[in-house]
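Single-letter residue listing:
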Amino acid sequence: MGVEEHLNKIVEKEGAVHLTLIDPDTQIPEVAGKIAREAELGGTDAIMVGGSTGALGATVDQTVKAIKASCDLSVILFPSSAAGLSESADAVFFMSLLNSRDVNYITTNQAIGAPIVYKHGIEPISMAYIVIEPGGAAGWVGDARLIPRNKPKLAVAYSLAAKYLGMHYIYLEAGSGADKPVPVEMVAAVKKAIGKETKIIVGGGIRDGTAARERVAAGADMICTGTIVEEVEDVKGKIEELVRAIKS
Ligand code: 1GP
């Protein structure tokens with residue numbers, strides 16, 4: 001079974017998926033492996049590997065290899081450019097930053113990266129990346145025209161465009177370490193418009209079970225957390241809290 005099918009089955013059976021994001025620029029590969037193992041024990045469903053700056057080339061590859069060696073979870077690349085690819089990963093969020101002003105983040109890196117994905121048999125998971133205020137480093141690096149937090153209609157418009165373009169997943173991103181996650185009202189408006197088939201991932205600034213639960217209740221199919229894992233001592237315990245909050 002492919003990674004996308006596996007994640008979709010979890011949504012169907014358990015109500016939601018939890019994804020743990022590891023930025024290869026934040027720690028050495030050995031530590032990344034340990035974090036992934038703790039996250040696996042805490043019940044996370046898959047590991048995402050990527051970051052806006054510094055998650056490039058050998059750094060990504062060595063991190064992916066260390067994670068694969070220390071846990072049984074699927075590793076999904078979350079690249080900010082074609083340089084964020086690694087042949088050792090299981091899948092890649094093959095994403096386009098739809099509200100970018102820079103064609104590099106909409107189609108050019110995708111064209112450069114596609115033959116690498118093809119050559120190494122990495123599973124591509126078609127995804128729209130939509131950056132909401134405050135947007136963080138992802139918004140800055142990707143030159144996003146940030147969606148204002150109080151304009152859910154704009155997020156709906158981009159999400160419908162993504163659906164009509166055939167994208168399977170929509171990632172609503174507030175930016176890593178955002179002071180506030182994507183508003184619940186925005187998640188609800190997007191889910192109402194796009195329906196069950198297209199999956200919504202929400203990430204950026206989610207730090208506890210309550211924030212995760214509220215977004216799943218509003219219609220998020222998957223929750224991604226990254227920063228909190230870097231901040232806590234007890235990774236397994238934190239992941240358990242998040243997973244418990246979102247699974248039905
Ligand atoms: C960042 O959405 C992800 O791209 C995760 O955000 O680091 O704030 O959990 P956090």
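Novice: How would you summarise the overall build of the protein if you had to cite specific residues and measurements?
Specialist: Within the protein, the secondary structure is distributed over 10 helices and 8 strands. Taking 2.2 N^0.38 as the reference for a compact globule, 248 residues should give roughly 18 Å; the C-alpha atoms of the protein span a radius of gyration of 16 Å, in line with that estimate. Along the first, second and third principal axes, the C-alpha set of the protein runs to 45 × 40 × 35 Å. Looking at the protein residue by residue over its 248 residues, the buried ones come to 54%. Long-range pairs, those at least 24 residues apart, make up 73% of the contacts in the protein with a sequence separation of at least 6. Accessible area for the protein stands at about 10700 Å²; split by element, carbon and sulfur atoms hold 54% of it. Put simply, the protein has 25 plus and 31 minus side-chain charges, and the middle of one group is 7 Å from the middle of the other.

Novice: Tell me about the packing of helix H6 (residues 152-164) against helix H7 (residues 184-194), and please be specific about residues and values.
Specialist: Two elements in contact, H6 and H7, have axes whose closest approach is 9 Å; the angle formed by their N-to-C orientations is 35°. Relative to H7, H6 is oriented so that their crossing is right-handed. Each of Pro152, Ala155, Val156, Ser159, Leu160 and Lys163 in H6 lies in contact with H7, whose residues at this interface are Glu185, Met186, Ala189, Val190, Ala193 and Ile194. Taken together, the residues of the contact of H6 with H7 sort by class into 9 nonpolar, 1 polar and 2 charged.

Novice: Run through the site of the ligand, naming residues and quoting values.
Specialist: Around the ligand sit Leu21, Phe78, Tyr171, Glu173, Ser176, Gly177, Gly203, Gly204, Gly205, Thr225, Gly226 and Thr227, and that is every residue in its neighbourhood. With respect to the ligand, the backbone of Gly205 contributes an N or O atom lying 2.8 Å from an oxygen atom. Separating an oxygen atom of the ligand from a backbone N or O atom of Gly226 is a distance of 2.7 Å. Calculation on the ligand without its partners gives an accessible area of 300 Å², and the protein chains cover 96% of this total. For the shell around the ligand, the class distribution of residues is 3 nonpolar, 8 polar and 1 charged.

Novice: Can you tell me about unusual backbone geometry, naming the residues and giving the values?
Specialist: Here the residue pair Glu133 and Pro134 is connected by a cis peptide bond, since its omega of 5° sits within 30 degrees of zero. Relative to the helices and strands, Pro134 is located in the loop between strand S5 (123-131) and helix H5 (136-141).

Novice: Tell me what's going on with the environment of Ser88, and back it up with residues and numbers.
Specialist: Residue position: Ser88 is located in the loop between strand S3 (74-77) and strand S4 (91-97). Looking at Ser88, the relative accessible area reads 22%, which means it is partly exposed. In this structure the C-alpha to C-alpha distance between Ser88 and Lys65, which are 23 residues apart in sequence, comes to 6.4 Å. Not counting the four nearest positions on each side in its chain, Ser88 is found in contact with Asp61, Val64, Lys65 and Lys68. Here the side chain of Ser88 touches Asp61 through a polar contact of 2.9 Å, side chain to side chain.

Novice: Could you give an account of the sheet that holds strand S6 (residues 169-173), naming the residues involved and the relevant values?
Specialist: The 8 strands are arranged S1-S2-S3-S4-S5-S6-S7-S8 in a closed barrel whose pairing can be described as parallel. When strand polarity is set aside, the average angle formed by the axes of neighbouring strands in this sheet is 30°. Pairing geometry for S3 and S4, over 2 bridges, is parallel. Pairing of Leu77 across the sheet is with Val92, part of S4.

Novice: Describe the pattern of salt bridges, naming the residues involved and giving the relevant values.
Specialist: Side chains that carry opposite charge are capable of pairing whenever their charged atoms lie near each other. In the structure shown here, the tally under the stated rule is 12 salt bridges. A salt bridge links Asp61 to Lys65; its shortest N-O distance comes to 2.9 Å. Of this pair, Asp61 and Lys65 both sit in helix H3 (residues 57-70), 4 residues apart, which is roughly one turn of that helix. Assessed through its relative accessible area of 47%, Lys65 is described here as partly exposed. A salt bridge links Lys68 to Asp90; the shortest N-O distance between them is 2.7 Å. Linking Lys68 in helix H3 with Asp90 in the loop between S3 and S4, this pair joins segments that are 22 residues apart in sequence. Taking the relative accessible area as the measure of exposure, Lys68 reaches 33% and is therefore partly exposed. Given the relative accessible area of 25%, Asp90 is considered partly exposed.

Novice: Could you give me a rundown of the nonpolar core, with the residues and numbers involved?
Specialist: Ile47, Ile67, Leu172, Val182, Val202 and Ile223 are the most contacted members of the largest nonpolar core, which has 56 residues in total. Once residues lying within four places of it in the same chain are set aside, the contact partners of Ile223 are Val17, His18, Leu19, Val202, Ile206, Ala212, Arg215, Val216 and Ile246.

So, how was this worked out
- Residues numbered from 1 in each chain as written.
- Predicted model: local features only at pLDDT ≥ 70, side-chain atom pairs only at ≥ 80, totals over all residues.
- Heavy atoms only, no water.
- Helix = DSSP H or I, 4+ residues; strand = E, 2+ residues; numbered from the N terminus.
- Rg over C-alpha atoms; globule rule 2.2 N^0.38 Å.
- Buried < 20%, exposed > 50% of the residue type's maximum accessible area, 1.4 Å probe, protein only.
- Contact = heavy atoms within 4.5 Å.
- Areas by Shrake-Rupley, 256 points an atom, 1.4 Å probe, with all protein chains shown as cover.
- Lys, Arg positive; Asp, Glu negative; His and termini not counted.
- Charge placed at Lys NZ, Arg CZ, Asp CG, Glu CD.
- Axes fitted to C-alpha atoms, helices over the stretch in contact; angles between N-to-C directions.
- Left-handed = near helix turned anticlockwise from the far one by under 90°.
- Nonpolar A, V, L, I, M, F, W, Y, C, P; charged D, E, K, R; others polar.
- Near = heavy atom within 4 Å.
- Polar contact = N/O pair within 3.5 Å; in protein donor to acceptor, adjacent residues only side chain to side chain.
- Pairing = 2+ DSSP bridges.
- Salt bridge = Lys/Arg side-chain N within 4 Å of Asp/Glu carboxyl O.
- Core = buried A, V, L, I, M, F, W, Y, C linked by side-chain atoms within 4.5 Å.

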